[in-house]
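These are the residues of each chain, in order.
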Amino acid sequence: MSISVRQVLIAHATWHGDAAQVQAMDVALNSKLVNTRALLASWRPLGSSHHSGDSDWASPSERFWAQAAGWLPETSPATGSDNSERSQPLPLAALELGDRLPPNLPAAWLSPVHVLASMNDVRLSHPNHLQLSEAHSNTLLEALKPLCAEDGVDLSYVAPQRWLLAGERLRGIVSPSMSLACDQPINDYLPFSTSHPASAQWLRRLQNEAQMLFYTHPVHDERLALGLQPVTGIWLHGAGAIAEHRDHSHISRNNELAQHAHQPFDWQAAWAALDAGTMATLLGQGHTQAFEVCFASHNGITRYASPALSAAQGANKTPLLQRLSHTITHGWRRLAPTLLPSALAPQ
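Nothing here was measured: the structure is a model prediction, and the numbers come from that model. (Residues numbered from 1 in each chain as written. Predicted model: local features only at pLDDT ≥ 70, side-chain atom pairs only at ≥ 80, totals over all residues. Heavy atoms only, no water.)

A short note on the overall build of the protein
- In terms of helices and strands, the protein carries 11 helices and 11 strands.
- When the 347 residues of the protein are sorted by exposure, 44% land in the buried category.
- A fraction of 75% describes how many contacts in the protein between residues 6 or more apart in sequence connect residues 24 or more apart.
- Of the roughly 17,200 Å² of accessible surface on the protein, a fraction of 55% belongs to carbon and sulfur atoms. (Helix = DSSP H or I, 4+ residues; strand = E, 2+ residues; numbered from the N terminus. Buried < 20%, exposed > 50% of the residue type's maximum accessible area, 1.4 Å probe, protein only. Contact = heavy atoms within 4.5 Å. Areas by Shrake-Rupley, 256 points an atom, 1.4 Å probe, with all protein chains shown as cover.)

This is the structure in structure tokens:
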């Protein structure tokens, strides 16, 4: 009999920084995450998966969600193995929109951004620093829209920091995760296409045209006068197409922590709110409902099963030696002094 499992994905569950920063976050949050600690003590660990590293242009949470939503990486006809993660588009926009897009239509998220130029490199500022209003976002989108339409690409508004781009020009473009590209040298994260090189050339041209358009637009001076960062470019992410839309209502994503990935005090406040809200709810409902909570960090995913899910899966039927090994390993980890949230990272 199949078991209906609801997955909850917590993106950016651990702080990504140097050892001193991680320790400071643990000290600030450890005593506050009461419900999270209780959940870890009573739910069954399902193991961890590690991030593949610099070869992957998707964050662990994005890749996990995409695969849970039914996306499978393409395989090489010659070897039957998965191609390099960086060589394949991860169609996050198409997956999220589902049947609101025609099947097999390439789509991507387009974000208005501020680019920081220095003597050594050019970097992408985190979108949250823009504090972009709906009015400014819509005005810039309408200015850019005709340039996209000229090339047969449709541009539409979704949110102040997220526009939707759809059309054949996007076919084959591989784009990096926004979360990975922020605050990094742009040259290391330029979208490309090995199968459709003309598409990548078109995108670079559109980015250059957007940069010039936004610089001369009245919104640029308005934002400077308000003491806000000007919008100086656009960034493409989540590009790709899917042949068949699949239901992914069984998995929900919580991106509250990811929204504050570059703001330590806001991230701490978001974790405290998450513990008091989502984690408390999961802890209460986990005894009667089949849940799997997935904590995503910069280097992988750690998963836990609710007591109801463990019972439904017949956890007590696991071979004796495997159960003893599991009990010793995870029992020791629970008794050992661990600090949250860094203890949520893959071990």
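Still more to cover.
Regarding the sheet that holds strand 7 (residues 162-166)
- Reading across the sheet, the 4 strands line up as 6-7-3-8 and stay open at both edges, with antiparallel pairing between neighbours. Strand pairing shows two members of the sheet lacking a second neighbour, strand 6 (154-159) and strand 8 (233-240), which therefore form its edges. The mean angle between the axes of side-by-side strands here comes to 30 degrees, regardless of whether they run parallel or antiparallel.
- Direction of pairing for strand 6 relative to strand 7: antiparallel, over a ladder of 5 bridges. Residue pairing for strand 7: Tyr157 is matched across the bridge by Trp163.
- Each of strand 7 and strand 8 is contacted by helix 7 (residues 197-216), which is oriented at about 150 degrees to strand 8, the strand it contacts most. (Pairing = 2+ DSSP bridges. Axes fitted to C-alpha atoms, helices over the stretch in contact; angles between N-to-C directions.)

Regarding helix 2 (residues 34-42)
- Restricting attention to buried positions, one finds in helix 2 the residues Thr36, Leu39 and Leu40. End-on, the buried residues of helix 2 take up no more than an arc of 95 degrees, which puts them together on one face. (Arc of directions from axis to C-beta.)

Side note on the packing of helix 5 (residues 134-150) against helix 7
- Orientation of helix 5 relative to helix 7, taken along the N-to-C sense of each, is 140 degrees, at an axis distance of 11 Å. Comparing their axes, helix 7 and helix 5 come out oblique. When the axes of helix 5 and helix 7 are compared, the crossing they make is right-handed. Between helix 5 and helix 7, the residues in contact are Leu140, Ala143, Leu144, Leu147 and Cys148 and Leu206, Glu209, Ala210, Leu213 and Phe214, respectively.
- Residues that form the contact of helix 5 with helix 7 fall into these classes: 9 nonpolar, no polar and 1 charged. (Parallel < 35°, antiparallel > 145°, perpendicular 65-115°, else oblique. Left-handed = near helix turned anticlockwise from the far one by under 90°. Nonpolar A, V, L, I, M, F, W, Y, C, P; charged D, E, K, R; others polar.)

Digging into the pattern of salt bridges
- Applying the stated criterion across every chain yields a total of 8 salt bridges.
- Among the ionic pairs, Arg205 bridges to Asp151, the shortest N-O distance being 3.3 Å. Pair noted here: Arg205 is in helix 7 and Asp151 is in the loop between helix 5 and strand 6, with a separation of 54 residues, a long-range link.
- Accessibility expressed as a relative area gives 34% for Arg205, which makes it partly exposed.
- Residue Asp151 is classed as buried on the basis of its relative accessible area of 19%.
- One salt bridge connects Arg205 with Glu209, and the closest N-O pair in it is separated by 3.4 Å. (Salt bridge = Lys/Arg side-chain N within 4 Å of Asp/Glu carboxyl O.)

Thoughts on the packing of aromatic side chains
- Under the definition given, this model contains 4 aromatic pairs.
- For the cation-ring pair, Arg162 lies above Trp109, with the distance from its terminal atom to the ring centre recorded as 4.2 Å.
- Here the guanidinium or amino end of Arg253 rests over the ring plane of Trp65, the centre of that ring lying 3.9 Å away. (Phe/Tyr/Trp six-rings, centres within 6.5 Å; stacked < 30°, edge-to-face > 60°. Lys NZ or Arg CZ within 6 Å of the ring centre and 35° of its normal.)

Regarding the side chain of Ser137
- Relative to the helices and strands, Ser137 resides in helix 5.
- Given a relative accessible area of 0%, Ser137 falls into the buried group.
- For Ser137, the residues in contact, after removing those within four places along its chain, are Leu132, Tyr157, Ala159, Pro160 and Trp163.

Overview of helix 5
- Taking 1.5 Å as the rise per residue, helix 5 with 17 residues should run 24 Å; its terminal C-alpha atoms sit 25 Å apart, in good agreement.
- At Leu144, helix 5 shows its maximal kink, close to 35 degrees; a proline, Pro146, follows between one and four residues later.
- All of the buried residues in helix 5 are His136, Ser137, Leu140, Leu141, Leu144 and Cys148.
- Where the residues of helix 5 are buried, they touch strand 3 (107-113), strand 6, strand 7, helix 7, helix 8 (218-225) and strand 8. (Expected span 1.5 Å × (residues − 1). Bend = angle between axes of the 7 residues up to and from the residue.)

A closer look at the pairing of strand 10 (residues 291-297)
- With 7 of 7 residues buried, strand 10 lies mostly within the body of the structure.
- Taking every second residue as pointing to the same face, both faces of strand 10 are buried, with Phe291, Val293, Phe295 and Ser297 on one and Glu292, Cys294 and Ala296 on the other.
- Where strand 1 (residues 6-10) lies against strand 10, 5 bridges are found, and the strand directions are parallel. The residue of strand 10 that forms the bridge with Ile10 is Phe295.
- In this sheet, strand 11 (residues 300-305) lies alongside strand 10 in antiparallel orientation, the contact comprising 6 bridges. When the bridges of strand 11 are listed, Cys294 appears paired with Arg303.
- In sequence, strand 10 turns back onto strand 11 through a hairpin of 2 residues.

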